[in-house]
Structures are given as C-alpha cells and as structure tokens.
Amino acid sequence: MCNCRVCGNSLEKFLDLGKMPLANGFLYEKDFSNEYFYNLAVGFCNDCSLVQLIEQPEPEKMFNENYPFFTSSSKFMVEHFRNMALDVISVYGSDPRIVVEIGSNDGSMLKVFKERGCEEIGIEPSKSAYTKALSNGIFTLNEFFNKETARVLWQEVGSADIIVSANVICHIADINSVFEGVSELLDEDGIFVFEEPYIGSILNKVSYDQIYDEHVFYFSATSVKKIAEKFGMSLFMVRKQNVHGGSLRYYICKDSRPTDFSLVSEKDFGINKFFEFADLVEKSKYTFKSLLEYLKDKGNSIVGYAATSKSTTILNYCGIDNSYIDCIYDTTKEKWNKFTPGTHIPVISYDRFKNDSPEYSVLFAWNHRNEILNKEKDYKGKFILPHPTARIL
Ligand code: TYD
Ligand code: ZN
C-alpha cells in the first residue's frame, strides 16, 4: 500500500480491478506456473487531487519484458510530435537555445527542434531507443531523468529554455524528483511542456483499460497545477490532444504568463465522480461479458485485434480466457507464439488475420480505431468495442 507519491497523504481507493499480472507479461506455456500477480487498484489524493496506483508490482518483476518501441515506427506519432515541437516553440515565443526531452525515445521530437537550430539533449533510459537516437544524430544521454541528472546537466550546459516530455512522466513513481529536477534545470523564462493520457478522457470513455502497472499516475489539470506550485512553478495553460484515447498537454513556467484553462472543466473531479466511474466500470464488464457469451452461444468465432497492454486489464478484470476468445492477432513479433498474461489466450501473427477472417474481433487497440477501420475496410467480420458499454461496430 502506498501513500500519495506527491504529498504523502493516504490515498482514497475508488476502484479495485483485482488480481492482475503485468500488462506486458506475455509468456510461454512453460512459464504459466510461475506467473507473477499483484493487486491493481487506484486511489485519489484528497490534497493534490492526483489519481494513482495504490500498489505497484515489485520493481524487479517489471521491465523484464520490454518490447522495443520506436516513435518513428508510427507515422501518425511522428507527425504528432512534429506538431508538438512547433507548438512548444511558438508558445515559448522566441528561438530557444537549449531543449531537453525527458524520455526522448529515438529522438523523433528532438529532431524537429534540432532542425530549428536548437541545441537538443535527450534523456532516454532504454538502451535500444538511445542507440537509435544516436544513429539518428540526436544528442542523447542513456539515463533516467531525476533531480541528480538534472543537476549534472545544469552544471554542464546551463539552464534549459524548454523541457518537453510525452507519455513518460506518468510512468515515473518518484515524480517529486522529476519536478524538482525540472525546477532546477529550467531557465527563469523557460517553459516545461508535457502530455499524458488524460483522466478526464478515461472517465468519459470509461476506458479503465488504460489503468495498468506501467501507468502510475492519471493526471488532470487540477493535480498538475498543485504539483507545479509545490515546486515553485505554475501551470498556465492546458490543451487537449487526440492521442492515446485523449491526452492533455500541460504548459508550466516559472515566471508569470497569461493563463488559459478554457478548454477543460474539472469542477466535479472529486472523489464522488471517481466512485461513479467505478460503477460504470463494473457495468462495462457486465455488458462485455454478456455480449461475448451471447455471441459464443450462437456459435460465432471471436478473436482479439491487437494484444495491447490495455487488453491485459480488460481480460483479467472481466475473467475472459480462451473459452471466449480463440486468439489475439498482433503485429509485434516478440509477442507471437506467447500467451496473454493471466488469461493465457494465444497471441498469433497479424499476417494470418486476413485469411482466417474471424466473425467477431474485439478491438483492443480502440485508440487507433480510425486507422484500423481504414486498414481493414475489406474485413467481412465485425469489430467489438469493449467500453463504455460493449457494442458491435
Ligand atoms: P497500443 O494501443 O499502441 O499500445 P498499448 O500496448 O500501450 O496499449 O498498441 C500496441 C500493440 O497493439 C502492439 O502490440 C501492436 C498492436 N497493434 C496491432 O497489432 N495492430 C494495429 O493496427 C495496431 C495499431 C496495434
Ligand atoms: Zn497528494
């Protein structure tokens, strides 16, 4: 059990998804008997309003199954980060000198800053992404970002005009160290801009499958404002982004800047709202299981489309194994011939999807819905969406 990782208060639990394996713990049959489980539950801090995991798996159990992911493999994300870099430069207001990215992956976003004449510094703990970034000519350090790395960087290159990060900070349990590092490293006139999946979108879509071991925090404007203030900075703007099922981009500075929060309203994001969400999650489970049972009783074949991290939460929470879902098709070869964590559904190569042409496919990569529906225009079967309430598309 954990207290609030920002202020140390006890967390109020509002949702318990039960016994859960690691979201990316895809495994071979020989390892079924040694599978690791923890309890997946989320709580709310009444002080800083931050939603977070109540318990995290033991660190040595995590990150042992890292599927190499490079930003540059998704054209859509490369374009998104190009726009993010240009947006950040325009909000900064003049030509930045030094730009630091926390979790810079293969350097896809820093490349844009570099093209604009900035000195780029990537901080990337994953060895494979770091190596790729170097080969792309992007200056990168193979480190975790925390207050210590921030201090060393500040001593060596001075303060940063811009610090950016995308889909990284929600993974770092020691968030105080990240914010302390940012506040030391950031220039007095600098801006710190980061984006993460938005708890407001999770609430709206009832996309409880975005909750899993690797996502420690589920941010809101209200919580980020309080965290920034704790470290002598201020949140001056937020903007919604249409990625990862709905993200929010946070703009933080040290000096004062005109504020703009017009696009989000979080007035009702108190504990009651989160209890309501927990009820909707339970309803979603009921509708999803009932739909699969109904289709199965009628003799249909049901498969999964994409063995995402999110699918681990849905399958385990709903108790769905291969008596419901025959297999899951996925494009990541490291997952092929393995089984889904906890529920042991076979994962097979996406190449077989067209030929097999299953009658129903659960769209576990629902966040890429438009791209997938476009790609599968000729698919004769039907897609199933697991939430808010399960339905056939
Ligand atoms: P994604 O929703 O990006 O992430 P997460 O695992 O964090 O929930 O999905 C990535 C996984 O989905 C990866 O294993 C590849 C697979 N996938 C497909 O098989 N086909 C697709 O069209 C897409 C978009 C993803
Ligand atoms: Zn707190």
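Note that the coordinates shown come from a computational prediction; the quantities given were computed from them, not determined experimentally.

### Considering the coordination of the zinc ion (ligand 2)
Working reference: metal with six octahedral donors, ideal angles 90 or 180 degrees; metal with four tetrahedral donors, ideal angle 109.5 degrees. Binding of the zinc ion (ligand 2) to the protein goes through Cys 4 (SG), Cys 7 (SG), Cys 45 (SG) and Cys 48 (SG), at separations of 2.1 to 2.3 Å. In this structure, the zinc ion (ligand 2) is coordinated by four donor atoms arranged in tetrahedral fashion, with angles at the metal of 102 to 120 degrees. Sequence positions of the donors to the zinc ion (ligand 2) reduce to the motif C-x2-C-x37-C-x2-C. Here Cys 7 is found in the segment before β1 (12–20), whereas its partner Cys 45 is found in the loop between β2 (38–44) and β3 (51–53), with 38 residues between them in sequence. With a relative accessible area of 33%, Cys 7 lands in the partly exposed category.

### Some points on helix α1 (residues 75–92)
The terminal C-alpha atoms of α1 lie 26 Å apart, and with 18 residues this matches the ideal 26 Å at 1.5 Å per residue to within 8%. Every buried residue of α1 is listed here: Met 77, His 80, Phe 81, Met 84, Ala 85, Asp 87, Val 88, Ile 89, Val 91 and Tyr 92. On its buried face, α1 sits against α2 (108–115), β7 (160–166), β8 (186–197), β10 (234–241) and β11 (247–253). One or two residues past the end of α1 sits Gly 93, with phi positive at roughly 100 degrees.

### Examining the packing of helix α8 (residues 271–297) against helix α9 (residues 309–318)
Where α8 contacts α9, the two axes come as close as 10 Å, and the packing angle between them is 80 degrees. Relative to α9, α8 is oriented roughly perpendicular. Of the residues in α9, those touching α8 at Val 281, Glu 282, Lys 285, Phe 288 and Lys 289 are Ile 314, Tyr 317 and Cys 318. Class assignment of the residues belonging to the contact of α8 with α9 gives a composition of five nonpolar, no polar and three charged.

### Brief notes about the site of ligand 1
In the vicinity of ligand 1 lie 15 residues, with Ser 309, Lys 310, Asp 330, Lys 335 and Lys 375 positioned nearest. The backbone of Thr 331 places a nitrogen or oxygen atom 3.0 Å from an oxygen atom of ligand 1. Burial of ligand 1 by the protein amounts to 80% of the accessible area it has alone, namely 550 Å². Looking at the shell around ligand 1, the elements with two or more residues in it are α9 and α11 (369–375). Across the shell around ligand 1, the residue classes tally to five nonpolar, six polar and four charged.

Definitions and cut-offs
- Residues numbered from 1 in each chain as written.
- Chains lettered and ligands numbered in written order.
- Predicted model: local features only at pLDDT ≥ 70, side-chain atom pairs only at ≥ 80, totals over all residues.
- Heavy atoms only, no water.
- Donors = N, O, S within 2.8 Å, 3.2 Å for Na, K, Ca; no water.
- Tetrahedral: all angles 85-135°; square planar, octahedral: opposite > 155°, others 65-115°.
- Helix = DSSP H or I, 4+ residues; strand = E, 2+ residues; numbered from the N terminus.
- Buried < 20%, exposed > 50% of the residue type's maximum accessible area, 1.4 Å probe, protein only.
- Expected span 1.5 Å × (residues − 1).
- Contact = heavy atoms within 4.5 Å.
- Axes fitted to C-alpha atoms, helices over the stretch in contact; angles between N-to-C directions.
- Parallel < 35°, antiparallel > 145°, perpendicular 65-115°, else oblique.
- Nonpolar A, V, L, I, M, F, W, Y, C, P; charged D, E, K, R; others polar.
- Near = heavy atom within 4 Å.
- Polar contact = N/O pair within 3.5 Å; in protein donor to acceptor, adjacent residues only side chain to side chain.
- Areas by Shrake-Rupley, 256 points an atom, 1.4 Å probe, with all protein chains shown as cover.

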